[in-house]
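Each chain, written out:
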Amino acid sequence: MSRRILLTALPVLLLALIFPVAAHEHHDELTEEQTNAPVDAILWIHMFLQAAVWGVLFPIGMVLGITRSRWHVPLQSAGYALTVAGYVLGHSHGGRAFPASAHGAMASLLFVPIGLQLALGIYLKLHIHEETLRPWAVRAHGVVGKAYPILGWVQMLFGAIALRGYCRGGNLGQCLAHYIMGSGFIAYGIIMAIMFLVGEGWVRRSGRSPEWWDSWIITLWGIVNTFTEHRGSVWSVKDMQHTILGVLWWTGGALGIFLSRNNQRSVVPSLIIILTGWAMSEHAQALMLSTKVHAVFGYTLMLAGVSRIVEVCFVAPRFSPLDAAPSDGDSHSEHTLAEGSDAMVALGPVGRAFRHLPPFFLVCAGLIFMSATDEELDWVHDGGMDHVTYILIIVAFILNTLIVTLISLYATSGRNSSAPGTSDGAIELLPTPRGKWYARVPAGDLDAGPVHVIGDAEDDL
C-alpha cells in the first residue's frame, strides 16, 4: 500500500518543481522579428508532448479509472509528470515569442484541477472515512477526472490559436462561433457513438429516447442563437441567416420533444441537422475557397442527418412486430424503446457497422466548421491550397480512431475485461451487482467481477 501511495504522491513532488521555473515574459506588443521567428525544437516538443498527454494519455487514464483498472493510477501519474515536463518546456523555449493569451493563462489554471485530482486520489488510496467523507470524495474525483478531456481539448485549441495568432481584435466573435459550434458537433458525435456502442441500456433505463435529449439541446441552443446573432441596427444577410437558423432549432426542437415523448424514436432532430446543413451549403462567403469549404461542411451535416434517419427507421433494434396486439398508448408503441428481451430483434453486423456513420459525419462536420474561419481560410488561400486538399486531411480519421478505441477500451478493460460477450440484441455490457462505494482493485487477475454500466451510481473515478 505504501508503494502505491508513493507512486500517487510522486507527481506532487514534481509539481513543486515548477514554481522556481523562471517563465519567459509575454508582452502585449512584439516586434515583427519576434512574431515571425521560427518555432524552435523545444516548443515543438512541448506541443507534441502536451497533445499526447492531454489528448491521448489522460483520456485513456479516465476510461481505466471508470473500469477500475489497476493501470489507472500508474498511467495518470505518468501523465502528471509529463504535464509538468511540458509546462517547463513551454516556458523555456527560444525562437518565436507570443503575446499574452488565453493559452498561457489556462496553462497555470490547469494546475488547480490537477492538484485537486491528485489530493483526492491520495485520499481515496488511504481508505478512511468510508461512510462520511469518502463517498463525496469519490464523486468529486469522478467529476474532475471526466472533465480532463474537455479541459485538454480547450487548452489545445487555445494553443493552436496562440501559435497562429488568431482571434484577436474584430475576429474574436467569429472564432467563438466557429470553435464553440464545431466543438459542439464533435461532442454530439462522441456522445452518439457512446450511446450506440455501449450505452443503449442506459438510454432504455432513463425512460427517454435519444431524440428526446437531442431535441431539448437543440431547443435551448436555438433560443440562445435567436437572440445573440444580431448586433447593431443594420441586419446583414448573415445576421438574418443565423437568426432564422436559431428559430428553426427551437421550433423544430419543440416538435422533436413532443414526438419523442414516452420513449419514442423521432426523425425531427435529423431533419433539423439536414436543414442546417443545407443552409450552410448555401452560405456565401467573401472568398470562393471559403464558400466551397462551407458547402462541404453543409453536405457533411446533411449526410449525418440522412444517416441518422436511416439508423432510426431501419437500422436501430426493431421492437414488437407490426402484427402484434394493438398498442394501448404511446408508451407501448412498436417504435418504443421498451424494456425486456422480447421487445428487441437482434441487430445484425451490418446494422452495427452502419451505426458508426452518423457519429463519424458529425465529428467530420465539427472539424471542418472549426477550420473555416476567415483567418484560417485566408492563410490557406495565400498558400495556394485548394479546398479539396484542405478538407482531405487525416485529422477526422485520427480523432474517430481515438473515440472508438476509448469506447472499446471501456468495454474490455478493468472490471469489464472478464465480462461475458454481449448478446446479439444488446449493445451494453450485462449488469451485475457491485458495492456502493469505491473499492480496492486487486493486483492479480480476477476470475469474475462486476461490470460497470453507464448510468449506474455516480461513483466513477
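Placed above this text is the structure.
Considerations on the pattern of salt bridges
Side-chain pairs of opposite charge can arise where the charged atoms are in close proximity. Inspection of every chain in the model, using the stated rule, returns 7 salt bridges. Between arginine 265 and glutamate 211 there is a salt bridge, and its shortest N-O distance comes to 2.7 Å. Taken together, the positions of arginine 265 in the loop between helix H11 (237-259) and helix H12 (268-281) and glutamate 211 in helix H10 (residues 210-228) put the pair 54 residues apart, joining distant regions of the chain. With relative accessibility at 1%, the residue glutamate 211 sits in the buried group. The network of salt bridges with common partners includes Glu211, Asp214, Arg265, Arg308, Glu311 and Arg355.

Thoughts on the state of the cysteines
Tallied over the entire structure, the rule returns 1 disulfide. Each sulfur in the disulfide pair cysteine 167 and cysteine 175 lies 2.1 Å from the other. Torsion about the S-S bond of the cysteine 167 and cysteine 175 cystine: about -90°, corresponding to left-handed handedness. With a relative accessible area of 12%, cysteine 167 lands in the buried category. Judged by relative accessible area, which is 3%, cysteine 175 ranks as buried.

Looking at unusual backbone geometry
Positive phi values are uncommon outside glycine, yet asparagine 262 reaches one of about 55°. On the accessibility criterion, asparagine 262 (34% relative accessible area) is partly exposed. With phi around 70°, asparagine 263 is a residue other than glycine that occupies positive phi space. Its place among the elements puts asparagine 263 in the loop between H11 and H12. Accessibility expressed as a relative area gives 17% for asparagine 263, which makes it buried.

Side note on the packing of H12 against helix H13 (residues 288-315)
One can describe the packing of H12 onto H13 by two numbers: an axis separation of 7 Å at closest approach and a directional angle of 165°. Comparing their axes, H13 and H12 come out roughly antiparallel. Between H12 and H13 the crossing geometry is left-handed. Across from Ser270, Leu271, Ile273, Ile274, Thr276, Gly277, Trp278, Met280 and Ser281 in H12, the residues of H13 making contact are His294, Ala295, Phe297, Gly298, Tyr299, Leu301, Met302, Gly305, Val306, Arg308 and Ile309.

Describing the side chain of threonine 226
Checked against the element boundaries, threonine 226 lands in helix H10. Given the relative accessible area of 14%, threonine 226 is considered buried. A polar side-chain atom of threonine 226 sits 2.7 Å from the main-chain carbonyl oxygen of glycine 222. Side chain to side chain, threonine 226 and tryptophan 250 meet in a polar contact 3.4 Å long.

Considerations on the environment of glycine 95
Mapped onto the elements, glycine 95 comes out in the loop between helix H4 (72-90) and helix H5 (102-109). With 53 residues separating them along the chain, glycine 95 and isoleucine 42 place their C-alpha atoms 9.3 Å apart. Contacts of glycine 95, omitting those with residues within four sequence positions, involve Ala37, Pro38 and Asp40.

Some words on helix H3 (residues 41-66)
Relative to the 38 Å expected for 26 residues at 1.5 Å per residue, H3 spans 36 Å between its end C-alpha atoms, a close match to the ideal helical length. Along its length, H3 shows its largest kink, about 35°, at valine 53. Arginine 68, located one to two residues past H3, shows a positive phi value of around 60°.

Some remarks on a nonpolar patch on the surface
Residues Trp216, Leu220, Ile223, Phe227 and Trp250 make up a contiguous nonpolar surface patch of about 550 Å² in total accessible area. Take the nonpolar patch: its biggest share by element is 4 residues, from H10. Mapped onto the secondary structure, tryptophan 216 falls in helix H10. Taking relative accessible area as the criterion, tryptophan 216 reaches 36% and is therefore assigned partly exposed.

Basis of the calculations
- Every chain is numbered on its own, with residues counted from 1 as its sequence reads.
- Reporting of local features is limited, given that this is a predicted model, to residues whose pLDDT is at least 70; pairs of side-chain atoms are given and counted only at 80 or more, and all residues count toward the totals for whole chains, interfaces and linings.
- To get the side-chain values, all heavy atoms of the structure are used, and hydrogens and water are removed first.
- Each salt bridge in this description consists of a side-chain nitrogen of Lys or Arg and a carboxyl oxygen of Asp or Glu lying within 4 Å of one another.
- A helix here means a DSSP run of H or I that spans at least four residues, while a strand means a run of E at least two residues long, and both kinds are numbered starting from the N terminus.
- Buried means the residue's accessible area, taken with a 1.4 Å probe over protein chains only, is under 20% of the maximum for its type, while exposed means over 50%, and partly exposed covers the values in between.
- Criterion for a disulfide: a pair of cysteine sulfur atoms within 2.5 Å.
- Angles shown run from 0 to 180 degrees and are taken between the N-to-C directions of axes, each axis being a line fitted to C-alpha atoms and, for helices, limited to the stretch in contact.
- Angles are sorted into four bins: roughly parallel if under 35 degrees, roughly antiparallel if over 145, roughly perpendicular if 65 to 115, and oblique for all others.
- If you view the pair so one helix is near and one far, a crossing is left-handed when the near helix is turned anticlockwise from the far one by less than a right angle, and right-handed when it is turned clockwise.
- By the convention used here, residues are in contact when the closest approach between their heavy atoms is within 4.5 Å.
- We define a polar contact as two N or O atoms separated by no more than 3.5 Å, with the added condition that, inside protein, one atom must be a possible hydrogen donor and the other a possible acceptor, whereas residues neighbouring each other in sequence contribute only through side-chain atom pairs.
- Given the number of residues in a helix, its expected span is that number minus one, multiplied by 1.5 Å.
- The seven residues ending at a residue and the seven starting there each receive a fitted axis; the angle between those axes is the bend at that residue.
- The patches reported here contain residues having more than 30% relative accessible area and no salt bridge. Joining distances are 9 Å for like charges and 5 Å for nonpolar side chains (Val, Leu, Ile, Met, Phe, Trp, Tyr).
- Surface accessibility follows the Shrake-Rupley procedure with a 1.4 Å probe radius. Residue values consider only the protein chains on display as shielding.

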